[in-house]
Amino acid sequence: MSVIYDRVALIGLGLIASSMALAIRRAGAAREVTGYARSAGTREIAREIGLCDLVCDSAADACEGADLVVLCVPVGVMGAVTQDISGALKPGATLSDVGSVKRAVIEAVAPHLPPDVHFVPAHPLAGTEHSGPRAGFAELFDNRWCLVVPPEGSDRAAVDRLSGFWQALGAHTDEMDADHHDLVLAVTSHAPHLIAYTMVGVADDLRRVTDSEVIKYSAAGFRDFTRIAASDPVMWRDVFLNNREATLEILGRFTEELFALQRAIRTGDGDHLHAYFSRTRAIRRGIIEAGQDTDAPDFGRAKKA
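Residues numbered from 1 in each chain as written. Predicted model: local features only at pLDDT ≥ 70, side-chain atom pairs only at ≥ 80, totals over all residues. Heavy atoms only, no water.

Chemist: Honestly, the confidence of the model for the chain in this entry has me stumped. Any pointers?
Modeler: Close reading of the predicted structure is inappropriate where its pLDDT is low. For the chain, mean pLDDT is 87; residues scoring 70 or higher make up 87% of the total. Segment residues 296-305 is flagged for pLDDT under 50; beyond a separation of four residues in sequence, or across chains, it makes 15 contacts in the model. (pLDDT = per-residue confidence, 0-100. Contact = heavy atoms within 4.5 Å.)

Chemist: Is there a simple way to think about the nonpolar core in this case?
Modeler: One recurring pattern in soluble globular proteins: nonpolar side chains tend to sit buried together. If you look at the biggest cluster of nonpolar residues, it comprises 42 residues, and the most contacted ones within it are Met-20, Phe-141, Phe-165, Trp-166 and Leu-169. The element best represented in this core is helix α1 (residues 15-27), accounting for eight residues. With sequence-adjacent residues up to four places away left out, Phe-165 is seen in contact with Ile-4, Tyr-5, Val-8, Met-20, Ile-24, Ala-29 and Leu-68. Within the second largest apolar cluster, 25 residues are counted, among which are Leu-71, Val-75, Ala-88 and Leu-95. (Core = buried A, V, L, I, M, F, W, Y, C linked by side-chain atoms within 4.5 Å. Buried < 20%, exposed > 50% of the residue type's maximum accessible area, 1.4 Å probe, protein only. Helix = DSSP H or I, 4+ residues; strand = E, 2+ residues; numbered from the N terminus.)

Chemist: Quick question: what am I supposed to make of the packing of aromatic side chains here?
Modeler: Each aromatic ring pair is described using two quantities: the centre-to-centre distance and the angle formed by the ring planes. Inspection of the entire model under this criterion finds four aromatic pairs. Taking the centre distance of 6.0 Å and the plane angle of 75° together, the rings of Phe-165 and Trp-166 count as edge-to-face. Like Trp-166, Phe-165 is buried. Measuring from centroid to centroid gives 6.3 Å for Tyr-276 and Phe-277, while their planes differ by 80°, and the two rings are edge-to-face. Judged by its relative accessible area of 47%, Phe-277 is partly exposed. The ring of Tyr-276 carries Arg-279 above its face, with NZ or CZ at 5.1 Å from the centroid. (Phe/Tyr/Trp six-rings, centres within 6.5 Å; stacked < 30°, edge-to-face > 60°. Lys NZ or Arg CZ within 6 Å of the ring centre and 35° of its normal.)

Chemist: Help me out: how do you make sense of the sheet that holds strand β9 (residues 172-175) in this one?
Modeler: Consider a sheet: its strands pair through backbone hydrogen bonds, and that pairing is either parallel or antiparallel. Spatially, three strands are ordered β7-β8-β9 in an open sheet, and the strand pairing comes out mixed. Looking along the sheet, the strands with just one partner apiece sit at the ends: β7 (122-124) and β9. Geometrically, the sheet is characterised by an average inter-axis angle of 20° between neighbouring strands, direction not taken into account. The pairing of strand β8 (residues 145-148) with β9 spans four bridges and is classified as parallel. When the bridges of β9 are listed, Leu-147 appears paired with Asp-174. Along the sheet face, helix α6 (residues 156-168) touches β7, β8 and β9 and points at about 150° away from the line of β9. (Pairing = 2+ DSSP bridges. Axes fitted to C-alpha atoms, helices over the stretch in contact; angles between N-to-C directions.)

Chemist: What should I look at first to understand α1 in this one?
Modeler: An α-helical turn contains 3.6 residues, so a residue and the one three or four places further along point in the same direction. In this model, α1 (13 residues) spans 18 Å end to end at C-alpha, consistent with the 18 Å of a helix rising 1.5 Å per residue. For α1, the tally of buried residues reaches 10 of 13 residues, placing the bulk of the element in the interior. Within α1, the full set of buried residues consists of Leu-15, Ile-16, Ala-17, Ser-18, Ser-19, Met-20, Ala-21, Ala-23, Ile-24 and Ala-27. Each element contacted by the buried residues of α1 is listed here: β1 (5-11), β2 (30-36), β4 (68-71), β7 and α6. Downstream of α1 by a residue or two, Gly-28 has a phi angle that is positive, lying close to 65°. (Expected span 1.5 Å × (residues − 1).)

Given below as structure tokens:
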């Protein structure tokens, strides 16, 4: 694979950034990868495991001379981080991100962009419930989608170059408008995570079920909920605060569906329940057939040996 960017800077060194660093190395997509994390402990771990060619003690230092800078920090701080690094961004460089929300990120980042830097937001639809620089693995993006969300008037060459970069890391790419992206993700990710957090909270509040019973007798459905609810609380706090309109819209639709199912259960309407479950089962099978998940008990998210 040919080099796409000479130097890539990863700002934030959690699961996504660490997986990117390893996937970049696997693909030979950059000659050098620099990194920065706010926590000194995280930077030390990254140095210890050789995650990047250079781990810097400031975000600005990591960005010096970089052709691509990727913000891998919670969406709530992306504007402030961009302000901090704006003076270090190389003319002609591309600034991107991996955030799960796009409209709010674009509005937060854009005011701090130098006029000669291309801003091309992106969102790899991949992850696990684990976090930190040790959590990454090069295969995380293989056969997953990365949505590229260029603002109006974006440089076409910069957009295509970033798409090619993500393809080199193993992902499929597609382009999407920011508002549509936020609505789609509210359906496929944000509302499901909130529901998972809620269900685990319900189990915790249900004092007739002890903690040991919840853990010991967890069936597959509750295990899936607890896996999702183990995700980074800071990241998800920022996601919901920055995509509130789309998430609330989908939660409203969810509440309507839930009321309809409650009515069917209360009235003994087995035909409605069977038809509903058959339709949703087909959707789940379609996800597996599209290669976006697996029947394996660990959902294919375990690190490869």
